[in-house]
Amino acid sequence: MSAPARSTGVLLHPTALPGSPVCGSFGEPSRRWIHLLANNNIGVWQLLPLAPPDGTGSPYNSPSCFALNPWFLDADDLRRDGLISDEDFQKLPGSEEPSESVGNLDLELVQRRSYGIADALLKGWAKQSKDRHQKFEIWCQQQRWLEDHAHFTVLHDQYREAWWGWPEELARHNHKALRSWSERYKDEILRVKLQQWQLNQQWEAIRELARGKGILIFGDLPFYVSADSVDVWSNRHLFTVKENGELTTQSGVPPDYFSETGQLWGSPVYRWGRHRLTHFRWWRQRFARQRQLADLLRLDHFRALAAYWAVPGQDKTAENGQWQPSPGRSLLNKLRQDGKGELPMVAE
């Protein structure tokens, strides 16, 4: 979709959409919102990152750059499509909550509800048609990130701590150890994959509706990723993280008018030399995935594509950092090449 020369937009994250209990979703709440935007000649819906949030609810410190937030999975649509039963639907946590509630988001309740929806999906999966099973398998094969994401999610639920606290072979992403472990947790892994598949299906339907109404989806892409993420766990050589989770270098910005000690963000920075050796494969896969989810992308901390503030890993403030060059031009050229000349990115 080509961007209009001039348009009006609204920033609203799906969590804030009314019309479903506990949390906004990719179902009727999003459909009503798209219609409301179109009826008022609003041409852009801007979002925060759609990735799973961290323990505080922030999507800017996500455990996965490629996955979608399970909170957004709409149970009403799943029931309508025969993917979960009426009985299981009624038992979901939060079902008694008013659908038009405008209170604060209950993080504990929304988490329990998303787990309940995933459990209901898994429970009814064996009864689904052969055609639906085939579509699911095809989708899974097309998602290079999905296997690692499912493993990481189940392991995190199992050990309840960051990946560097897991048994050594699993923490090191040892393929043989993971194959052996995954044989014992097939249902749990399937549960995560089903959840992501249906999130993807529901969001694709919302995007199709938005396209039909002439509305651009304006996404958000954080520059850095969390140390305790599937992205770092499965690609540790690309980040400044040791096997024990310690950072050799961390992200931030230098002291300025707003902060005498700078801002220390505490996430690993990129080992850009290794990214160059792979022709930025991880970044290109990440960007391609985000292009599937949005028409435009805001790259947070765009300035780091020119140079980034590198702070010693054990420092408690950002004062002792140094500017280091980034291969931003080379990366952007690759992304533009992948987009056949298009690069729908907005600098912060």
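As a reminder, the structure under discussion sits directly above these lines.
Visitor: What is the right way to look at the pattern of salt bridges in this model?
Guide: Opposite charge on two side chains allows them to pair when their charged atoms are near. Summed over all chains, the structure comprises 23 salt bridges. For Asp-131, the salt bridge is made with Lys-135, and the minimal N-O distance between the two is 3.4 Å. Of this pair, Asp-131 and Lys-135 are both found in helix H5 (residues 130-142), four residues apart, which corresponds to roughly one turn of the helix. A residue is classified by how much of its surface remains accessible, and Asp-131, at 44% relative accessible area, is partly exposed. The residue Asp-295 makes a salt bridge to Arg-207 at a minimum N-O spacing of 2.4 Å. In this pair, Asp-295 sits in the loop between helix H12 (281-293) and strand E6 (296-299) while Arg-207 sits in helix H9 (residues 186-212), placing the two residues 88 residues apart along the sequence. Owing to a relative accessible area of 12%, Asp-295 belongs among the buried residues under this scheme. Judged by its relative accessible area of 6%, Arg-207 is buried. One salt-bridge network, held together by shared partners, links Glu-28, Arg-31, Asp-77, Arg-80 and Asp-81.

Visitor: What's the story with helix H1 (residues 28-39) in this structure? I'm lost.
Guide: Each α-helix turn comprises 3.6 residues. Residues three or four places apart therefore point the same way. Taking 1.5 Å as the rise per residue, H1 with 12 residues should run 16 Å; its terminal C-alpha atoms sit 16 Å apart, in good agreement. When we look at burial in H1, the residues that qualify are Pro-29, Ser-30, Trp-33, Ile-34 and Leu-37. One side of H1 holds all its buried residues, which, seen down the axis, span an arc of 135°. Looking at the buried side of H1, the elements it contacts are strand E1 (9-11), strand E2 (44-46) and H9. Immediately downstream of H1, the backbone of Asn-41 shows phi near 60°, a positive value.

Visitor: Whenever I open this one, the sheet that holds strand E4 (residues 249-253) confuses me. Can you help?
Guide: Whenever strands of a sheet pair, they do so through backbone hydrogen bonds, lying parallel or antiparallel. Reading across from one edge, E5-E4-E7-E8 is the order of the four strands in this open sheet, with antiparallel pairing throughout. Among the strands making up the open sheet, the edge pair consists of strand E5 (263-268) and strand E8 (322-325). Strand-to-strand twist across the sheet, computed as the mean angle between neighbouring axes with direction ignored, equals 45°. The pairing of strand E7 (residues 307-312) with E8 spans four bridges and is classified as antiparallel.

Visitor: Would you take a moment to explain H5 for this structure?
Guide: The end-to-end C-alpha distance of H5 is 19 Å, a good match for the 18 Å that 13 residues give at a rise of 1.5 Å each. Taken residue by residue, H5 has Phe-136, Trp-139 and Cys-140 as its buried positions. Seen from one end, H5 has its buried residues packed into an arc of 100°, which puts them on one side. Of the exposed residues in H5, the ones pointing more than 90 degrees away from its buried face are Lys-130, Lys-135, Gln-141 and Gln-142. Considering only its buried residues, H5 is in contact with helix H4 (107-125), helix H6 (146-159) and H9.

What counts as what
- Residues numbered from 1 in each chain as written.
- Predicted model: local features only at pLDDT ≥ 70, side-chain atom pairs only at ≥ 80, totals over all residues.
- Heavy atoms only, no water.
- Salt bridge = Lys/Arg side-chain N within 4 Å of Asp/Glu carboxyl O.
- Helix = DSSP H or I, 4+ residues; strand = E, 2+ residues; numbered from the N terminus.
- Buried < 20%, exposed > 50% of the residue type's maximum accessible area, 1.4 Å probe, protein only.
- Expected span 1.5 Å × (residues − 1).
- Arc of directions from axis to C-beta.
- Contact = heavy atoms within 4.5 Å.
- Pairing = 2+ DSSP bridges.
- Axes fitted to C-alpha atoms, helices over the stretch in contact; angles between N-to-C directions.

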